[in-house]
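# Structure assessment
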Amino acid sequence: MQLSIEISKYPLSTEYIPPILGFIEELNLQPGLTVLTNTMSTQVFGDYDAVMQALQHCIRWSFERYGKVVFVVKFIHGDLRP
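### A few points about a nonpolar patch on the surface
Together, Tyr10, Leu12, Val70 and Val72 line one region of the surface with nonpolar side chains, adding up to about 370 Å² of accessible area. Along the chain, Val72 falls in strand E4 (residues 69–77). Accessibility expressed as a relative area gives 42% for Val72, which makes it partly exposed.

Listed below in structure tokens is the structure:
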């Protein structure tokens, strides 16, 4: 099953750019995903299990590295790449 997600990250810090860029870089290291980034959010496309495993890894990685952040995620069934 294919999955599309849209994710936004809001670091609870005045230095918010490095945590956002670090998260996107870590997502791009995950195998089997297509990652598209724009100024408002990051979109991730791929197999359901691959996307969910990558999301679990990257969110944990982000919490451990940067501390408190807020993630807002939309999950959409199917591959909705533009």
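### Focus on the sheet that holds strand E1 (residues 2–11)
Sheet architecture is open: four strands sit in the order E2-E3-E1-E4, paired in antiparallel fashion. In this open sheet, the two strands that pair with only one neighbour each are strand E2 (34–37) and E4. Strand-to-strand twist across the sheet, computed as the mean angle between neighbouring axes with direction ignored, equals 20°. As paired elements, E1 and E4 share nine bridges and run antiparallel to each other. Within the sheet, the bridge partner assigned to Ile5 lies in E4 and is Phe75. Each of E1, E2, strand E3 (42–47) and E4 touches helix H1 (residues 17–28); the most contacted strand, E1, lies at about 155° to it. Sheet strands in contact with helix H2 (residues 48–66) are E1, E3 and E4, and its direction is about 10° off that of E1.

Rules behind the numbers
- Residues numbered from 1 in each chain as written.
- Predicted model: local features only at pLDDT ≥ 70, side-chain atom pairs only at ≥ 80, totals over all residues.
- Heavy atoms only, no water.
- Patch = residues over 30% accessible without salt bridge, like charges linked within 9 Å, V, L, I, M, F, W, Y side chains within 5 Å.
- Areas by Shrake-Rupley, 256 points an atom, 1.4 Å probe, with all protein chains shown as cover.
- Salt bridge = Lys/Arg side-chain N within 4 Å of Asp/Glu carboxyl O.
- Helix = DSSP H or I, 4+ residues; strand = E, 2+ residues; numbered from the N terminus.
- Buried < 20%, exposed > 50% of the residue type's maximum accessible area, 1.4 Å probe, protein only.
- Pairing = 2+ DSSP bridges.
- Axes fitted to C-alpha atoms, helices over the stretch in contact; angles between N-to-C directions.
- Contact = heavy atoms within 4.5 Å.

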